[in-house]
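# Residue-level structure breakdown
Each chain, written out:
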Amino acid sequence: MSIGPVTFPEELVALLRKAPKLAVLTGAGVSQESGLRTFREAQTGLWAQHRPEDLASPEAFQRDPKLVWDWYAWRREALKGVRPNPGHYALVETAKHVARFTIITQNVDGLHQMAGNENVLELHGSIRRVRCADCRTLANTWDDDAESVPGCLECGGLLRPDVVWFGEALPRDQLEAAVEAARSCDIFFSIGTSGVVQPAASLAFAAHNRGALVVEINAEPTPLTSKADYVFHGKSGEILPHLVEAIWG
Ligand SMILES: [Zn+2]
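As the structure is a prediction and not an experimental result, all values here were calculated from the model.

## Digging into the side chain of D54
- As for its placement among the helices and strands, D54 is situated in the loop between α3 (39–42) and α4 (58–63).
- With a relative accessible area of 18%, D54 lands in the buried category.
- In this structure the side chain of D54 is engaged in a polar contact, spanning 3.0 Å, whose partner is the side chain of R63.
- Not counting residues up to four positions away in its chain, the partners in contact with D54 are A60, R63, L67 and V68.

Dropping the structure here:
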């Protein structure tokens with residue numbers, strides 16, 4: 001579809017206006033619209049010579065904690081100038097109008113919270129947080145430029161980013177809450193996600209199987225597209241503000 005002015009089916013607008021429970025899954029596409037580079041896009045310069053699993057796995061951290069620490073320090077630095085985009089803010093506006101609104105994100109950049117959303121389930125953690133690799137205690141402050149990997153104040157273990165690495169399980173509490181939100185919502189949005197990374201990709205299908213209306217917003221078709229009730233191809237930062245305006249404007 002073309003953008004501006006975007007038109008939405010009357011039926012969808014009416015359903016959204018009265019839906020008490022909404023769940024939204026967001027993926028890398030939403031962050032990319034803020035100018036944030038994906039994991040692989042960020043692997044430029046010296047980082048390009050490393051395989052992704054050599055920068056983001058428990059084995060890599062065990063082998064060379066400083067390399068892994070520096071990679072995340074570099075990514076945190078790259079995040080400093082990044083701001084939420086109109087799609088993030090449209091979801092903040094949406095939350096004001098819906099009785100129960102849950103954002104489930106695969107992104108680790110914290111942009112939904114920066115925009116003002118609460119109740120954000122982070123399936124893959126956040127690179128804005130650092131925790132102990134041993135006792136899991138979160139660190140409040142740390143030195144990204146330290147000569148060696150900073151240690152935990154509680155137990156002396158090494159600090160690491162609070163993200164899910166290759167080979168690691170998703171945080172159980174976040175995943176369970178996400179599944180519950182998907183299974184109990186009236187309308188499920190899948191936004192900016194390729195729909196191939198599990199278990200996130202299965203959430204839309206779980207919602208669909210429970211009778212929820214499924215709306216997909218993505219740059220290109222995904223495995224979900226044929227099951228979705230409504231599909232919009234384009235940028236969420238352009239489509240979502242128009243949708244919010246059509247419903248509650
Ligand atoms: Zn510790």
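## Digging into empty space enclosed by the protein
- In the structure shown here, the tally under the stated rule is three cavities of 30 Å³ or more.
- In this structure, the largest cavity encloses a volume near 70 Å³.
- Looking at the lining of the largest cavity, the elements with two or more residues in it are β1 (21–26), α6 (86–97) and α10 (236–248).
- When residues of the lining of the largest cavity are assigned to their parent elements, the largest contribution, five residues, is made by α10.

## As for the layout of surface pockets
- The space that makes up the largest pocket amounts to roughly 1200 Å³.
- Lining the largest pocket are 47 residues, and of these A28, T38, F39, Q106 and N107 lie nearest its centre.
- Looking at which element gives the most residues to the lining of the largest pocket, the answer is helix α5 (residues 65–79), with five residues.
- Taken together, the residues of the lining of the largest pocket break down into 22 nonpolar, 17 polar and eight charged.
- The computed volume of the second largest pocket comes to approximately 240 Å³.
- What lines the second largest pocket is a set of 14 residues, among which G125, R136, D162, P171 and Q174 lie closest to the centre.
- Looking at the lining of the second largest pocket, the elements that each hand over two or more residues are β4 (125–132), β6 (159–163) and α8 (172–184).
- Residues of the lining of the second largest pocket, tallied by class, amount to five nonpolar, two polar and seven charged.

Reading the values: rules and limits
Residues numbered from 1 in each chain as written. Predicted model: local features only at pLDDT ≥ 70, side-chain atom pairs only at ≥ 80, totals over all residues. Heavy atoms only, no water. Helix = DSSP H or I, 4+ residues; strand = E, 2+ residues; numbered from the N terminus. Buried < 20%, exposed > 50% of the residue type's maximum accessible area, 1.4 Å probe, protein only. Polar contact = N/O pair within 3.5 Å; in protein donor to acceptor, adjacent residues only side chain to side chain. Contact = heavy atoms within 4.5 Å. 1 Å grid on protein atoms, 1.4 Å probe; cavity = no way out; pocket = protein on both sides within 12 Å on 5 of 7 lines; lining within 4 Å. Points joined across faces, edges and corners; volume = space filled by probe spheres on them. Nonpolar A, V, L, I, M, F, W, Y, C, P; charged D, E, K, R; others polar.

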